[in-house]
Amino acid sequence: MTATAAPVLRRYAESVAAAHDELTRLDQASGDGDFGDNLRSGLTRVLAELDGPGAGHGFDVAGRVFLDEVGGTSGPLFGLLFTEIARALDEDPVGGWARGAAAGLAAIQRVGEAEVGDRTLVDALAPAAAELERGTGFAAAARAAAEGARATAGLRARRGRASYVGERARGLPDPGAMGVALLFEALATTEDPGFSAGLF
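Criteria and cut-off values
Residues numbered from 1 in each chain as written. Predicted model: local features only at pLDDT ≥ 70, side-chain atom pairs only at ≥ 80, totals over all residues. Heavy atoms only, no water. Helix = DSSP H or I, 4+ residues; strand = E, 2+ residues; numbered from the N terminus. Contact = heavy atoms within 4.5 Å. Salt bridge = Lys/Arg side-chain N within 4 Å of Asp/Glu carboxyl O. Buried < 20%, exposed > 50% of the residue type's maximum accessible area, 1.4 Å probe, protein only. Phe/Tyr/Trp six-rings, centres within 6.5 Å; stacked < 30°, edge-to-face > 60°.

**Structural notes on the side chain of Thr189**
Okay, so step 1: The residue Thr189 is located in helix α9 (residues 175-191) in this model.
Okay, so step 2: Once residues within four sequence positions are removed from consideration, Thr189 is found in contact with Arg11 and Phe195.

Put into structure tokens, the structure is as follows:
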């Protein structure tokens, strides 16, 4: 499995921009309503740096930007994921996607203590990381992430801000999980431009 980091981030930014209104609507039901804005603006900053001189391979820039500059609950969590992906890709440009996703999942769970079934981004990230570790490919990881994200619609939140709104968000998928699923869809489309996980 090979994919270059910068094109993945560019595709991801395009997908997030296209899904911005829907991500905002989902977050309005379960949080502050700023998830779409934060994710889009963070990726815009990342791309601006990638277009500048001396930029790294991509996910190192994304990790720093999301950890240091993106607000909300999700900013630092996505920053942890991007940082671990960057570290793994630095060591192994081919196998680093699997190692980075697994390490990112572990880092996020250490910080947020969320498990699969808690209606968080972990519900999309965990199955995607598992598929990558099995070596089944980017498309399988993207489908697993999408399935996990969509399944959060039937869950009651037990972690994060959504846990305070009770049943209000039931029936709608978790925005953070959908944001993670969009990342893996972007990864899969770098290998197969015609691929779609059917998220939106």
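**So, the pattern of salt bridges**
Okay, so step 1: Taken as a whole and judged by the stated rule, the model has 10 salt bridges.
Okay, so step 2: Arg99 is the salt-bridge partner of Glu91, the closest N and O atoms lying 2.5 Å from each other.
Okay, so step 3: According to the relative accessible area criterion, Glu91 is exposed, its value standing at 54%.
Okay, so step 4: One salt bridge in this structure joins Asp174 and Arg119, with 3.8 Å as the shortest N-O distance. Within this pair, whereas Asp174 is found in the loop between α8 (138-151) and α9, its partner Arg119 is found in the loop between α6 (96-112) and α7 (122-134), the two being separated by 55 residues in sequence. The residues Asp174 and Arg119 share a single accessibility class, namely buried.
Okay, so step 5: One network of salt bridges, in which partners are shared, links Arg45, Glu49, Arg64 and Glu69.

**Remarks on the environment of Val180**
Okay, so step 1: Assignment of secondary structure puts Val180 in helix α9.
Okay, so step 2: Taking the relative accessible area as the measure of exposure, Val180 reaches 1% and is therefore buried.
Okay, so step 3: Considering only alpha carbons, one finds Val180 and Ala130, 50 residues apart in sequence, at a separation of 14 Å.
Okay, so step 4: Among all residues touching Val180, those that are not within four sequence positions of it are Tyr12, Phe78, Leu121, Ala124 and Leu125.

**Structural notes on the packing of aromatic side chains**
Okay, so step 1: If you walk through the whole model with that rule in mind, you get 7 aromatic pairs.
Okay, so step 2: Between Phe66 and Phe78, the ring centres sit 6.5 Å apart and the planes meet at 35°, which makes this aromatic pair tilted. With a gap of 12 residues between them, Phe66 in helix α4 (residues 59-68) and Phe78 in helix α5 (residues 74-91) connect regions that are remote in the sequence. Considered together, Phe66 and Phe78 belong to a single accessibility category, that of buried residues.
Okay, so step 3: For the pair Trp97 and Phe138, a centre-to-centre distance of 6.2 Å together with 80° between the ring planes defines the contact as edge-to-face. With a gap of 41 residues between them, Trp97 in helix α6 and Phe138 in helix α8 connect regions that are remote in the sequence. Both residues of the pair, Trp97 and Phe138, belong to the buried class.
Okay, so step 4: Every member of this aromatic cluster is reached through a ring pair, and the members are Phe35, Phe59, Phe66, Phe78, Phe82, Trp97 and Phe138.

Structural measurements only, silent on function.
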